[in-house]
Amino acid sequence: MNNTIYVDAKMTDDQRCEHLYNGQLFVYSPRPTALGFTSFAREMICEGFDSSDPTRAQFDMPVEEFVKIFAPMKPAFIHHAKTKKLIQEMLLEFGCDMANTYLDVPRLRAVTSDAYLTAGVGFAHHPHRDTWYSAPMCQINWWLPIFPMASESSMAFHPKYWDQAIANGSADFNYYEWNSTSRASAAQHIKSDTRPQPKPLEPMELDPQVRLVTEPGGAILFSAAQMHSTVPNTSGRTRFSIDFRTVHLSDLRSGKSALNVDSSPLGTSLRDFMRSTDLTPIPEDVIAMYENAPVKEGVLVFRPEPMMN
Ligand SMILES: [Fe+2]
């Protein structure tokens, strides 16, 4: 396969998905709606840390204090009335077919520098595909930096593994179990993270790796099947970012997606998605096509804690 990074590509939503399903990456320069979205998050973070430069706040407080301030910001951001409006505006500007596009709630993340906080709400992710965590194979991930970032505080892609399977723990991952136990406890994990997560079970070649760096208001799009990891942050600044996921209903129905080379989790995250126009859920007959585990009581209640990226 080739590895292409499309910069500010002018193409339809379907064409973009086609390329993403083939393992290509997309990066966009700052656009007004995305900048509006990240600026809103930036204001919230500055206010929460009572600082004009929260990317340095970690150096002025013990890690427990950092978690105490940041943890409540995550659900506050998700549920703020403005968040929904801003994300809809952004999807429109990015040419999404709104009636066909379903999204989950946008998450706010912090990756601190110098291994200050590597667990729970600041979890630094080992190499993984989101599809190991019960994401559908046609899921698209959107990622936006909130403050200026550096290669040393970015995300790494490992495209060698796009079509190469590796032994991994996804067969032991059950999305419904995760929702009912591990997810809600993220803020309790400060020094270490004991939540069971699907990991590579064999040595990997993580170099060469691809890192994309864009300004606040820029965006990075990639397939949920793409192998990626959190770069150990050595930039001297906390990286704050937003991410969310979209799926096309038509592709869920037709089965058009990235190829599944090694993902075999139980359950599906599809109940977390809402239509971008009116926030209605994905029709149950479509979810049933992806259901491979008994649904546990409580799974329909969305839990606004972070999982990936
Ligand atoms: Fe991820």
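Details of the structure are given in the entry above.
All values derive from a computational prediction rather than experimental measurement. Within each chain, residues carry numbers counting from 1 in the order of the written sequence. Only residues with pLDDT of 70 or above have their local features reported here, since the model is predicted, and side-chain atom pairs are shown and tallied only from 80 upward, although totals for entire chains, interfaces and linings are computed over all residues. The basis for every side-chain value is the complete set of heavy atoms in the structure, and neither hydrogens nor water enter the calculation.

**Student:** Got a minute to help me understand the overall build of the chain in this structure?
**Tutor:** Of regular secondary structure, the chain possesses eight helices and 11 strands. Working definition: with a 1.4 Å probe on protein chains only, accessible area under 20% of the residue-type maximum means buried, over 50% means exposed, and in between means partly exposed. Buried residues in the chain amount to 57% of all 309 residues. Contacts are assigned to residue pairs with any non-hydrogen atoms lying within 4.5 Å of each other. Across the chain, the fraction of contacts at a sequence separation of at least 24, relative to all contacts at a separation of at least 6, is 87%. Split by element, the accessible area of the chain, about 12,500 Å² in all, is 54% carbon and sulfur. Helix and strand definitions follow DSSP, with helices as H or I runs of at least four residues and strands as E runs of at least two, each counted in order from the N terminus. In short, Shrake-Rupley with a 1.4 Å probe defines the accessible areas, and a residue's cover is counted only from the protein chains shown.

**Student:** Please clarify how the sheet that holds strand β9 (residues 228–230) should be interpreted in this entry.
**Tutor:** Each strand in a sheet pairs with another by means of backbone hydrogen bonds, the pair being arranged parallel or else antiparallel. For two strands to pair, DSSP has to find at least two bridges joining them. Pairing is antiparallel across the open sheet formed by three strands, whose spatial order is β7-β6-β9. Single-partner strands in this sheet number two, and they are β7 (210–211) and β9. Where strand β6 (residues 155–157) meets β9, three bridges bridge the pair, whose relative direction is antiparallel. For A156, the partnering residue across the bridge sits in β9 and is S229.

**Student:** Honestly, the pairing of strand β10 (residues 239–248) in this entry has me stumped. Any pointers?
**Tutor:** The two faces of the sheet receive side chains in turn, since in a regular strand these alternate between them. For β10, a buried count of 10 out of 10 residues is recorded, marking the element as mostly surrounded by other parts of the structure. In β10, alternate side chains face the same way, and those of R239, S241, D243, R245 and V247 on one face and F240, I242, F244, T246 and H248 on the other are all buried. Relative to β10, strand β3 (residues 101–103) runs antiparallel, the two sharing three bridges. Residue pairing for β10: Y102 is matched across the bridge by V247. Bridging between strand β4 (residues 107–111) and β10 involves five bridges; their strand directions are antiparallel. Residue V111 lies in a different strand from β10, and its bridge partner there is R239. Two elements, strand β5 (residues 140–145) and β10, share six bridges in a ladder whose sense is antiparallel. By the bridge assignment, P145 is partnered in β10 with S241.

**Student:** When you look at the nonpolar core in this model, what are you seeing that I'm missing?
**Tutor:** Soluble globular proteins tend to pack their nonpolar side chains together in the buried interior. We define a nonpolar core as any set of buried Ala, Val, Leu, Ile, Met, Phe, Trp, Tyr and Cys residues linked to one another through side-chain atoms lying within 4.5 Å. Counting 56 residues, the largest nonpolar core has F49, F66, M90, L108, W142, F240 and I282 as the members making the most contacts within it. When sequence neighbours within four positions are dropped, the list of residues in contact with M90 reads T33, A34, F37, W142, L144, A219 and F244. The next biggest cluster of nonpolar side chains, apart from the first, holds 11 residues, and it includes F173, Y175, Y176 and M204.

**Student:** In this structure, what is going on with the pattern of salt bridges? I would like to understand it.
**Tutor:** Opposite charge on two side chains lets them pair, provided their charged atoms get close. The term salt bridge refers to a side-chain nitrogen of Lys or Arg lying within 4 Å of a carboxyl oxygen of Asp or Glu. Under the criterion given, the structure shown has 14 salt bridges. Linking D285 and R253 is a salt bridge whose minimum nitrogen-to-oxygen distance equals 3.3 Å. Taken together, the residues D285 in helix α8 (residues 284–290) and R253 in helix α7 (residues 249–254) connect sequence positions 32 residues apart. Exposure remark for R253: the relative accessible area of 43% places this residue in the partly exposed category. Among the ionic pairs, R275 bridges to D278, the shortest N-O distance being 2.8 Å. Judged by relative accessible area, D278 falls into the partly exposed class, the value being 38%. Each of D104, R107, R109, D243 and R245 takes part in a single network of salt bridges with overlapping partners.

**Student:** Looking at this structure, I do not really get the pairing of β5. What am I missing?
**Tutor:** Of all six residues making up β5, six are buried, and the element is well covered by its neighbours. The alternating pattern of β5 places I140, W142 and L144 and N141, W143 and P145 on opposite faces, both of which are buried. The sheet contact formed by β5 and strand β8 (residues 219–223) spans four bridges and is antiparallel. Counterpart to W142 in the pairing with β8 is L221.

**Student:** It is not clear to me how the environment of R16 should be interpreted in this structure. Could you clarify?
**Tutor:** With respect to the helices, strands and loops of the structure, R16 is situated in helix α1 (residues 13–21). Exposure remark for R16: the relative accessible area of 3% places this residue in the buried category. Residues R16 and Y6 lie 10 residues apart in sequence; the distance between their C-alpha atoms is 9.3 Å. Sequence-distant contacts of R16, that is, excluding residues within four places in its chain, are made with M11, F26, Y28, F94, G95, C96, W142 and L221. Definition of a polar contact: a pair of N or O atoms within 3.5 Å, with one able to donate and the other able to accept a hydrogen when the atoms are protein atoms, and with sequence-neighbouring residues admitted only if both atoms are side-chain atoms. Of the polar contacts made by the side chain of R16, one reaches the backbone oxygen of F94; its length is 2.8 Å.

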